[in-house]
Amino acid sequence: MTQTEDKTTPSTGDTPLVPMEKIVSLSKRRGFVYPNSEIYGGVSGIYDFGPLGVEMRNNIRRYWWWSMVQINDNVVGIEGNIITHPRVWEASGHVENFVDRLVECKNCKRRWRVDHLPEENLEQNKCPACGGELTEPRTFNLMMETYIGVVEGERMKTYLRGEASQNIYLDYDNVLKSSRMQIPFGICQIGKAFRNEVTPGNFLFRQREFEQWDLQFFVHPSEMQKWFDYWKARRFEWYKGIINHTDRLRFRAHGPDELAHYAKQAFDIEYRTILDWQEWEGIHWRQDWDLSRHSQFSGQDLSYTDPETKERYIPWIVETSGGVDRTFLFLLLDAYEEESPSDKDKEGRSVLRLHPWFAPVKVAVLPLQKNKEELVTTARDIHKRLQRLMVSQYDDVANIGRRYRRQDEIGTPFCVTVDFQTLEDQTVTVRERDGMTQIRLHMNELPAYLVEKVTWM
Ligand code: ATP
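Draft legend 1. Quick look at the packing of aromatic side chains. Within the structure shown, the criterion is met by 35 aromatic pairs. Relative to W316, the ring of W285 has its centre 6.5 Å away and its plane inclined at 65°; by these criteria the two rings are edge-to-face. Of the two residues, W285 is situated in strand β14 (residues 276-287) and W316 in strand β17 (residues 316-323); the sequence distance between them amounts to 31 residues. By relative accessible area, W285 is classed as buried at 5%.

Draft legend 2. Seen up close, the layout of surface pockets. Its boundaries defined by the atoms lining it, the second largest pocket holds a volume of some 290 Å³. Forming the walls of the second largest pocket are 15 residues, and the residues nearest its centre are L170, H294, S298, Q300 and L302. For the lining of the second largest pocket, the secondary structure elements donating two or more residues are α3 (87-91), α6 (166-178) and α8 (289-298). Classifying every residue of the lining of the second largest pocket by side-chain character gives six nonpolar, five polar and four charged.

Draft legend 3. Seen up close, the nonpolar core. Residues F32, I242 and L329 are the most contacted members of the largest nonpolar core, which totals 62 residues. Setting aside chain neighbours within four positions, we find I242 in contact with Y63, W280, T327, L331 and F358. By size, the runner-up hydrophobic cluster in this structure holds 19 residues, among which are M390, Y394, F414 and L450.

Draft legend 4. Main features of a nonpolar patch on the surface. On the surface, a cluster of nonpolar side chains totalling about 220 Å² of accessible area is made up of I83, I148 and M156. Its place among the elements puts I148 in strand β8 (residues 144-148). You can call I148 partly exposed: its relative accessible area is 35%.

Draft legend 5. Focus on the site of the ligand. The local shell around the ligand holds 17 residues, among which R195, E197, R206, Q207 and E279 are the closest. A distance of 2.6 Å separates an oxygen atom of the ligand from a polar side-chain atom of E279. The separation between an oxygen atom of the ligand and a polar main-chain atom of W280 is 3.0 Å. In the complex, 86% of the free accessible area of the ligand, which totals 610 Å², lies under the protein chains.

Criteria and thresholds
- Here the residue numbering is sequential within each chain, running from 1 through the sequence in written order.
- Only residues with pLDDT of 70 or above have their local features reported here, since the model is predicted, and side-chain atom pairs are shown and tallied only from 80 upward, although totals for entire chains, interfaces and linings are computed over all residues.
- Note: side-chain values were computed over all heavy atoms of the structure, leaving out hydrogens and water.
- Between the rings of Phe, Tyr and Trp (Trp by its six-membered ring), a pair exists once the centres lie within 6.5 Å; its type follows the angle of the planes, with under 30 degrees stacked, over 60 edge-to-face, and the other angles tilted.
- Numbering of helices and strands starts at the N terminus; helices are DSSP runs of H or I of at least 4 residues and strands are runs of E of at least 2.
- Only protein chains enter the accessibility calculation, which uses a 1.4 Å probe. A residue is then buried if its area is under 20% of the maximum for its type, exposed if over 50%, and partly exposed in between.
- Note on definitions: the grid is 1 Å and covers protein atoms alone; a cavity is a set of points where a 1.4 Å probe fits but cannot get out; a pocket is an open set with protein on both sides within 12 Å along at least five of seven lines; lining residues have an atom within 4 Å of a point.
- Grid points are joined across faces, edges and corners, and a volume is the space filled by probe spheres set on the points.
- Residue polarity follows a fixed list, in which Ala, Val, Leu, Ile, Met, Phe, Trp, Tyr, Cys and Pro are nonpolar, Asp, Glu, Lys and Arg are charged, and the others, Gly among them, are polar.
- We define the nonpolar core as a collection of buried residues of types Ala, Val, Leu, Ile, Met, Phe, Trp, Tyr and Cys that are connected through side-chain atoms lying within 4.5 Å of one another.
- Residues count as neighbours in contact if any of their non-hydrogen atoms are within 4.5 Å of one another.
- A patch is a set of surface residues, each over 30% in relative accessible area and not in a salt bridge, joined within 9 Å for like charges and within 5 Å for the nonpolar side chains Val, Leu, Ile, Met, Phe, Trp and Tyr.
- Each accessible area value is a Shrake-Rupley result obtained with a 1.4 Å probe; residue values ignore everything except the protein chains displayed when judging cover.
- Think of a salt bridge as a Lys or Arg side-chain nitrogen and an Asp or Glu carboxyl oxygen that are within 4 Å of each other.
- Throughout, near means a residue has at least one heavy atom within 4 Å of the molecule or strand.
- Any pair of nitrogen or oxygen atoms within 3.5 Å is treated as a polar contact; in protein, a donor-acceptor pairing is required on top of that, and neighbouring residues in sequence qualify only through side-chain atoms on both sides.

Quick look at the structure:
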């Protein structure tokens with residue numbers, strides 16, 4: 001595979017990379033992610049999200065939606081269904097071409113996607129893990145089949161969507177007619193996609209059921225390059241704005257052997273994990289391929305008439321396609337740190353330095369002591385007030401240091417401690433996660449102070 005780096009690629013730094021096992025273990029222990037159907041032995045490449053995981057995913061989705069749909073006048077959103085007419089997948093080329101080629105090592109039995117094999121191993125037909133001989137490649141279609149209807153013989157075979165973006169092409173004409181959008185404009189969607197991945201793994205990185213987000217931006221052909229460059233830059237800035245280690249982010253330009261026949265160029269935004277550089281989002285030049293194919297297969301004319309010039313044409317498309325799951329995984333990998341004991345924290349701690357926007361719990365309210373009723377009642381009252389505005393946790397189990405560490409490990413940006421001084425002057429201690437600095441605030445000032453810190457608007 002040709003790997004041409006774009007000139008804008010920032011250099012990589014020396015910050016330590018987090019082993020995947022740490023994140024897998026934290027995720028299960030603290031309720032971010034669980035293996036699906038674990039009591040039955042699990043299913044490879046399928047996961048469930050626990051109480052903290054679901055909060056974090058909602059925050060990720062909401063921020064993407066806010067920044068892609070809500071604040072852009074020329075972008076609207078839809079929510080299409082997982083199941084569509086089967087012809088959609090013939091038109092899209094998935095039935096015929098959505099395949100992976102797989103080889104197996106005759107010695108260690110490990111399976112490899114041919115397009116992921118290092119060139120040297122491909123040429124010498126050698127397993128990258130043990131050097132054993134590889135089998136001939138076999139081809140597998142990744143689409144998951146399902147059936148609509150109950151009566152045998154009348155049931156229609158279709159597919160769980162292999163990518164979410166097809167709904168956007170299907171609804172494009174309805175959006176045009178029902179909203180007042182004119183080209184250039186975009187349609188966004190977040191939704192589940194399903195693939196029979198032949199090598200699922202690396203935790204959430206390659207799953208069989210996952211959630212994608214897409215922007216399809218419709219333009220006049222003469223403006224394709226301008227909008228491609230615009231969205232490419234905006235999406236890179238978006239990712240840069242949500243991580244701490246910006247040296248782990250880069251563009252990778254697709255080489256000529258990877259480009260679709262209609263694509264002039266394509267880029268992946270990649271993040272560097274301990275497993276090397278990995279795709280986070282793709283920026284694709286889709287030209288008029290999708291709408292032309294659906295026009296052809298459905299018999300419906302999907303061309304656009306410019307209201308001023310009356311020019312008629314099939315719009316060209318810039319696609320930005322990423323996902324909730326890889327964002328979730330890369331944010332955890334980016335945020336996780338283990339700190340040695342220091343003057344500020346004698347025992348050392350694990351901390352998730354998540355941006356407060358994404359943290360599953362925004363604030364923890366802690367009475368200094370559990371056995372003092374007035375402290376407990378005041379802390380519970382504050383928690384109840386804050387809970388209406390953001391995810392707040394009340395915790396009175398264990399000493400205050402342990403409670404801080406429990407919150408640090410799940411990324412809670414603020415802890416509010418109710419102590420004896422609170423009972424005298426209604427002030428509380430607000431402890432911030434990263435620097436462990438503390439300030440005192442009047443409890444009436446607390447809601448506005450925290451809302452400003454934990455929301456992006
Ligand atoms: P790959 O080459 O890694 O299989 P792809 O190029 O087929 O990926 P796309 O079809 O472009 O991926 O999907 C767009 C985005 O959807 C990816 O950038 C990624 O964020 C997400 N995605 C794709 N496949 C998976 C998967 N199996 N599990 C989790 N997320 C995925």
